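# Summary of the model geometry
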Amino acid sequence: MTELIPIWMFVALFVFVFAGIPVALSLIAIATGFGLIVFGDSLFLQLYGSILHTASNFTLSAIPLFILMGALLEQTGLALRLFKALQLWMGKFPGGLAVSTITMCAIFAAASGVVGAVEIVVGMMALPAMAKYKYDQSLMAGTVCAGGSLGTIIPPSIVVVVYSSMAQLSIGQLFAASLLPGLIMVVLFILYILITCRINKKMGPASTEADTVPLSEKLQITLSAIIPPMLLITAVLGSLLLGIASPTEAAAVGAAGAALLSLAFRELTFTKFINALKTTIKITAMIMLIVMGGTMFTSIFAVSGGGWMITEWVDGLNMGPYGLIFLLMSVVFIAGFVLDWISVVLIFVPIFTPLVNAAGIDPIWFAVMFMVVIQTSYLTPPMAPSIFYLKSIAPKSMTYSHMYKGVMPFVLIQLLVLAIVVFIPDVATYLPSLITSR
Amino acid sequence: MYNSLKYINSISTLLGKAAMVLTCLMVCSMLYEVGARYIFQAPTLWAFDISYMLNGSIFLLAGAYSLNHEAHVRIDFLSSKLPIRFQQNLNAMVYAFIAGPAFAAFSWVASKKAYVAFITGEVENVSPWAPLVWPFYSILALGLIACTIQLYLEAIKFMLGSKIPGHTTESGAPLND
């Protein structure tokens with residue numbers, strides 16, 4: 001009976017999670033329940049170790065500050081102005097509004113790092129704008145969902161922060177590794193939108209608003225709306241990738257920069273500042289509590305023999321590295337349907353890391369594939385978190401079938417990016433090889 | 001009864017405010033460290049320890065606040081189809097009889113650790129700054145105790161039907177009216 005504990009832990013976890021119990025509390029409850037069977041009374045000392053380990057993890061300390069930076073940008077009008085400015089330049093092309101939505105998501109993803117937040121903030125601006133010009137409903141849905149998913153892969157992503165703390169990799173290297181695949185994905189998204197809208201003009205009609213604005217005004221809007229956030233992001237990412245600042249310090253610079261920018265535009269009121277702080281502590285507690293629960297879960301899973309069980313099973317299958325990668329990625333993909341990304345990273349990275357190391361697979365390359373797969377799983381129907389987020393902000397005329405149809409081309413593009421990373425590992429590993437690890 | 005619940009609920013708000021202040025402190029201390037290192041060529045000894053200690057404190061102090069505000073991810077596409085009364089009872093049971101006792105036990109261990117660290121004057125031994133650890137340990141214990149209390153409070157709110165799992169209101173719960 002006891003040798004089956006690792007399996008029962010997963011069964012119980014899914015029961016709790018599907019019953020609608022908060023994921024963090026489910027993980028903690030399962031770890032405590034099964035831990036009592038394995039350890040008896042000394043369990044709580046063991047689990048307090050997980051709490052202390054999470055609370056004193058230096059890598060994770062970048063999380064609240066990156067969230068604060070994103071929350072400040074979201075609270076103040078910087079995001080809306082950025083979208084309007086992008087729209088001015090791109091709106092007059094067929095599909096231009098969709099392209100500005102993707103661009104906006106890419107910039108915002110780089111600034112925020114929280115997955116669902118980008119989708120909701122950008123969606124609330126982009127959906128009405130696209131609806132006004134009678135964009136195709138599926139294209140609108142697909143664009144917002146796909147754009148929202150970019151937060152996973154485009155640095156600085158919280159996914160990367162949590163991943164590197166679990167796999168003991170350098171955050172800087174992992175950010176550098178995800179940069180090129182992220183850019184390739186954005187470019188492919190944009191190409192897809194431009195090509196479909198060129199072929200079928202009804203998909204994304206050109207907007208007429210931009211023509212009435214004189215060039216000088218356009219330049220002025222660009223200067224005030226696009227350049228400052230870009231500078232902020234370059235400063236944060238640059239100092240991080242060049243090794244000038246630790247991730248936590250870079251995040252602090254980003255948060256202070258965002259506050260200064262919104263002050264300069266006279267958009268930061270005291271209430272907005274407090275709201276940004278409230279969001280920050282809520283999301284930080286949410287993420288960190290899952291990290292704490294996940295750490296407890298995996299420690300009990302490991303002690304009760306789960307690691308051995310999986311290693312033996314995988315050894316028995318006798319696959320080469322590519323077979324192993326395919327198997328592990330399928331597990332991540334399916335888990336991503338039902339679990340949130342933090343739990344996926346927390347539960348599976350500790351289990352997979354020994355397998356990956358034993359097979360001689362480059363851990364950084366593996367991490368990038370892992371993140372692309374989480375992102376794809378976030379987007380793939382029928383159980384796609386991205387679609388649930390979209391549903392909460394979508395107009396009534398947009399149905400689930402629009403959304404399912406709309407995301408499919410973007411899912412295919414993500415699988416294409418995954419294939420590129422699998423067959424040309426340099427895409428992921430070249431940039432990290434340039435920077436010295438810290 | 002509502003009044004006393006409200007009173008207990010305000011603990012989470014108070015600790016949440018503390019977490020917000022610590023977040024600002026964290027930005028300032030990291031900026032100070034960057035400045036000290038590049039402008040004054042004199043990196044601080046304490047930046048490393050302070051950053052993780054602040055993060056740990058923010059997270060546990062905000063724990064109760066985030067429970068009060070339903071900030072925790074639920075996968076509710078199946079459970080939201082169940083009758084609301086059933087969801088409320090189920091959550092109340094899990095909060096009161098599984099999560100609550102677990103957090104109570106964590107609080108007990110954490111308080112003991114903090115007390116021992118205070119008595120023995122334990123210092124962080126991997127850091128060159130070697131700070132005393134009891135203040136950090138005490139905040140962790142405080143945060144865990146507040147989470148325990150809040151878990152029972154949330155269970156009561158679910159039982160009384162004044163809160164629906166997964167539904168947020170700006171003020172956190174109808175209790176805050």
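Below is a summary of the structure that appears in this document. (Residues numbered from 1 in each chain as written. Chains lettered and ligands numbered in written order. Predicted model: local features only at pLDDT ≥ 70, side-chain atom pairs only at ≥ 80, totals over all residues. Heavy atoms only, no water.)

## Here's the deal with the overall build of chain B
The secondary structure content of chain B amounts to four helices and zero strands. Along chain B, from the amino end to the carboxyl end, the secondary structure elements read α-α-α-α. By principal-axis analysis of the C-alpha atoms, chain B measures approximately 60 × 35 × 35 Å. Each of the 177 residues in chain B was classed as buried or not, and the buried ones make up 50%. Roughly 8300 Å² of accessible area belongs to chain B as shown, and the carbon and sulfur atoms make up 72% of that amount. Averaging the locations of the 10 positively and 9 negatively charged side chains of chain B gives two centres separated by 9 Å. (Helix = DSSP H or I, 4+ residues; strand = E, 2+ residues; numbered from the N terminus. Buried < 20%, exposed > 50% of the residue type's maximum accessible area, 1.4 Å probe, protein only. Areas by Shrake-Rupley, 256 points an atom, 1.4 Å probe, with all protein chains shown as cover. Lys, Arg positive; Asp, Glu negative; His and termini not counted. Charge placed at Lys NZ, Arg CZ, Asp CG, Glu CD.)

## Side note on the interface of chain A and chain B
By a frequent convention, interface size equals the accessible area lost on bringing the separate parts together. Chain A puts 57 residues into the contact, and the matching count from chain B is 53 residues. Buried surface at the junction of chain A and chain B, both sides included, amounts to about 4800 Å², of which 82% is carbon and sulfur. In terms of surface lost to chain B, no three residues of chain A exceed Tyr48(A), Ile281(A) and Lys282(A), which account for 14% of the buried area on that side. Applying the counting rule to chain A against chain B returns one salt bridge. Taking the shortest distance from any N to any O, the salt bridge between Arg37(B) and Glu249(A) comes out at 2.8 Å. Connecting chain A to chain B are six residue pairs in polar contact (both at pLDDT 80 or more). Within the residue set of the side of chain A that touches chain B, elements represented by two or more residues are helix 1 (5–18), helix 2 (23–39), helix 3 (43–55), helix 4 (63–75), helix 13 (247–264) and helix 14 (270–303) of chain A. Residue contributions to the side of chain A that touches chain B peak at 15 residues, all from helix 14 of chain A. For the side of chain A that touches chain B, a count of residues per class yields 43 nonpolar, 10 polar and four charged. (Contact = heavy atoms within 4.5 Å. Buried area = accessible area lost by both parts, 1.4 Å probe. Salt bridge = Lys/Arg side-chain N within 4 Å of Asp/Glu carboxyl O. Polar contact = N/O pair within 3.5 Å; in protein donor to acceptor, adjacent residues only side chain to side chain. Nonpolar A, V, L, I, M, F, W, Y, C, P; charged D, E, K, R; others polar.)

## Let's talk about the packing of helix 8 (residues 137–149) of chain A against helix 18 (residues 363–379) of chain A
To characterise two packed helices, one gives the angle between the axes of the helices and the distance between these axes. All names here are of chain A. In the contact formed by helix 8 and helix 18, the axes pass within 9 Å of each other and the chain directions differ by 150 degrees. The angle between helix 8 and helix 18 falls in the class roughly antiparallel. Along this stretch, helix 8 crosses helix 18, giving a crossing that reads as right-handed. On helix 18, the residues touching Cys-145, Ala-146, Gly-148 and Ser-149 of helix 8 are Gln-375, Tyr-378 and Leu-379. Among the residues making up the contact of helix 8 with helix 18, the classes are represented as four nonpolar, three polar and no charged. (Axes fitted to C-alpha atoms, helices over the stretch in contact; angles between N-to-C directions. Parallel < 35°, antiparallel > 145°, perpendicular 65-115°, else oblique. Left-handed = near helix turned anticlockwise from the far one by under 90°.)

## Describing the nonpolar core
One finds Leu150(A), Tyr163(A), Phe352(A), Phe366(A), Phe370(A), Phe103(B) and Phe106(B) to be the most contacted residues of the largest nonpolar core, which totals 220 residues. Top element by residues in this core is helix 14 of chain A. It accounts for 16 residues. Not counting residues within four places of it along the chain, the set of residues in contact with Phe352(A) comprises Leu328(A), Val331(A), Val332(A), Phe366(A) and Phe370(A). (Core = buried A, V, L, I, M, F, W, Y, C linked by side-chain atoms within 4.5 Å.)

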